[in-house]
Amino acid sequence: YHDQKGYEDPWRKHHTSSITRDIWISKKENNERTYQKVTSFNGEDRNPIWSNDNQSFYYLSEKAGSFNIFKCNLDGSNEMQLTHHTQHPVRFLSSSQNGLLCYGYDGEIYTVKEGQQPQKVAIRIVTDQTENELAHQIKSSGATEIAVSPNGKEVAFILHGDVFVTSTEYKTTKQITDTPEQERSIDFAPDGRNIVYASERNGLWQIYQSTLTKEEEKLFTYATDIKEEQLTHSQVTSFQPQYSPDGKQIAFTLRGEVFVTSADYATTKQVTHTPAREAGLSFATDNRTLAYA
């Protein structure tokens, strides 16, 4: 099995730290259970799969730069690399009873046997639809996060990875973002005219803000013009934005550390300096105190 020493997004790539996953083997002998760590790479080793002879195992590791399939004995010896993909990670490793390995790579399904080259599975989808036809769906369930506006007239929520706002008085709902990437961690500004959230665009989580641009429009639900801007431009993950009660500051995490920025992102200050990961940000009503887990 692989361990989990701390929280980390399972889709994150090129992660090296003290909490990356390692492969362990547990044995029970003479009514005593022992545990032995088999891998020691400073990055990710995960998803072990038994070989047919039960004397070795396959697993995914980033030790070659990107996730690939490796094999080694139960004591960690005789390690060998089976796949050599470079641009994208190998995911979803599984094995059949005859030793054929199956995995996902770059949106396709591949199989490989030890000592052979990977083969892409030829998948043919038969449909009456043409390529230009779009499937329009009305989602009515599956919201994962909510944030209530300060005046209680609107509720922002995440549905299918996008930000929506709905009226609490009527059934009117407006879609705020429409991206192929995921949005999370929504929060209303105290004046109700801004919504801040994290979005994983261009492969990296950053902080974004949507704003009502017309002074006469008070609600997102009925707004005719909404402006979105990117607040952070770092080279590492920025996450969990939170407005201060006066709306003049936004707290967020950047690579696990807590930062506070002015609402116009003119000044930014790092609050924590620890090797741990902080989360669950919350401002006190005095705007001077910030709590976090």
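Note that this is a predicted model, so its numbers are computed, not measured.

Once that is clear, we can look at the sheet that holds strand β14 (residues 173-175). One open sheet holds the four strands; their spatial order is β11-β12-β13-β14, and the pairing between them is antiparallel. Of all the strands in the sheet, the pair left with one neighbour each is β11 (145-148) and β14. Here the strands of the sheet are splayed against their neighbours by 20° on average, with no regard to which way each runs. Of the pairings in the sheet, the one linking strand β13 (residues 162-167) to β14 comprises three bridges and is antiparallel in character. When the bridges of β14 are listed, Thr166 appears paired with Thr173.

What follows is about the environment of Val155. Checked against the element boundaries, Val155 lands in strand β12 (residues 154-159). Looking at Val155, the relative accessible area reads 17%, which means it is buried. The spatial distance from the C-alpha of Val155 to the C-alpha of Thr173 is 9.4 Å, given a sequence separation of 18 residues. Discounting chain neighbours no more than four positions away, the residues touching Val155 are Ile146, Ala147, Val148, Phe164, Val165, Thr166, Thr168 and Phe188.

Attention now moves to the sheet that holds strand β18 (residues 226-230). With antiparallel pairing, four strands are arranged side by side in an open sheet as β15-β16-β17-β18. At either end of the open sheet lies a strand with only one pairing partner, and these are β15 (183-188) and β18. Ignoring strand direction, the axes of neighbouring strands in this sheet form an average angle of 25°. Two strands pair when backbone bridges link them, and strand β17 (residues 204-212) and β18 are joined in this way by five bridges, in the antiparallel orientation. Bridge pairing in β18 links Gln209 to Glu229.

With that settled, the discussion passes to the nonpolar core. Core analysis: the largest hydrophobic core is formed by 14 residues, its most contacted members being Ile186, Ile195 and Phe220. Going through the elements one at a time, β12, β13, β15, β16 (194-201) and β17 are the ones with two or more residues in this core. Apart from residues no more than four positions distant in its own chain, Ile195 is found in contact with Ala156, Val165, Asp187, Phe188, Tyr208, Gln209, Ser210, Phe220 and Tyr243.

Our next topic: a nonpolar patch on the surface. A contiguous nonpolar surface patch, about 370 Å² in accessible area, is contributed by Ile109, Val121, Ile123 and Ile125. With respect to the helices and strands, Val121 occurs in the loop between β10 (119-120) and β11. Take Val121: its relative accessible area is 31%, and that puts it in the partly exposed class.

Attention now moves to the layout of surface pockets. In this structure, the largest pocket spans a volume of roughly 950 Å³. Along its surface, the largest pocket is lined by 31 residues, and Asp9, Trp11, Arg12, Glu200 and Trp205 are the ones closest to its centre. Sorting the residues of the lining of the largest pocket by element identifies β15, β17 and β19 (238-243) as the ones contributing at least two each. The residue makeup of the lining of the largest pocket, split by class, is nine nonpolar, 10 polar and 12 charged.

Of all nine residues making up β17, eight are buried, and the element is well covered by its neighbours. Between β16 and β17, which follow one another and run antiparallel, lie two residues, and Asn202 among them has a positive phi close to 55°.

Next up on the list: the pairing of strand β5 (residues 68-73). Within β5, five of the six residues are buried, leaving the element largely enclosed by the surrounding structure. Adjacent in sequence and paired antiparallel, strand β4 (residues 56-61) and β5 are bridged by six residues, among which Gly65 carries a positive phi angle near 110°. Of the strand pairs in this sheet, β5 and strand β6 (residues 80-81) are connected by two bridges, and their pairing is antiparallel. Each bridged residue has a counterpart across the sheet, and for Lys71 the counterpart in β6 is Met80. Hairpin connection between β5 and β6: a loop of six residues separates the two successive antiparallel strands, and Gly76 in this loop has a positive phi of roughly 90°.

Turning to the side chain of Arg91, a few remarks are in order. Here Arg91 lies in strand β7 (residues 90-95). Notably, Arg91 is buried but unbridged: the nearest opposite-charge side chain belongs to Glu62, and the N-O separation is 6.5 Å. A polar side-chain atom of Arg91 sits 3.1 Å from the main-chain carbonyl oxygen of Trp11. Beyond its immediate stretch of four places on either side in the chain, Arg91 contacts Pro10, Trp11, Lys13, Arg46, Leu60, Phe67, Tyr103 and Gly104.

Side chains that differ in charge, positive against negative, can pair when their charged atoms come close. Within this structure, the stated rule accounts for nine salt bridges. Of the charged contacts, one joins Asp3 and Lys5 as a salt bridge, the two residues approaching to 3.0 Å between their closest N and O atoms. Classification of Lys5 as partly exposed rests on a relative accessible area of 39%. The salt bridge partner of Lys63 is Glu79, with a shortest N-O separation of 2.6 Å. Note that Lys63 is positioned in the loop between β4 and β5 and Glu79 in the loop between β5 and β6, a separation of 16 residues in sequence.

What counts as what
Residues numbered from 1 in each chain as written. Predicted model: local features only at pLDDT ≥ 70, side-chain atom pairs only at ≥ 80, totals over all residues. Heavy atoms only, no water. Pairing = 2+ DSSP bridges. Helix = DSSP H or I, 4+ residues; strand = E, 2+ residues; numbered from the N terminus. Axes fitted to C-alpha atoms, helices over the stretch in contact; angles between N-to-C directions. Buried < 20%, exposed > 50% of the residue type's maximum accessible area, 1.4 Å probe, protein only. Contact = heavy atoms within 4.5 Å. Core = buried A, V, L, I, M, F, W, Y, C linked by side-chain atoms within 4.5 Å. Patch = residues over 30% accessible without salt bridge, like charges linked within 9 Å, V, L, I, M, F, W, Y side chains within 5 Å. Areas by Shrake-Rupley, 256 points an atom, 1.4 Å probe, with all protein chains shown as cover. Salt bridge = Lys/Arg side-chain N within 4 Å of Asp/Glu carboxyl O. 1 Å grid on protein atoms, 1.4 Å probe; cavity = no way out; pocket = protein on both sides within 12 Å on 5 of 7 lines; lining within 4 Å. Points joined across faces, edges and corners; volume = space filled by probe spheres on them. Nonpolar A, V, L, I, M, F, W, Y, C, P; charged D, E, K, R; others polar. Lys, Arg positive; Asp, Glu negative; His and termini not counted. Polar contact = N/O pair within 3.5 Å; in protein donor to acceptor, adjacent residues only side chain to side chain.

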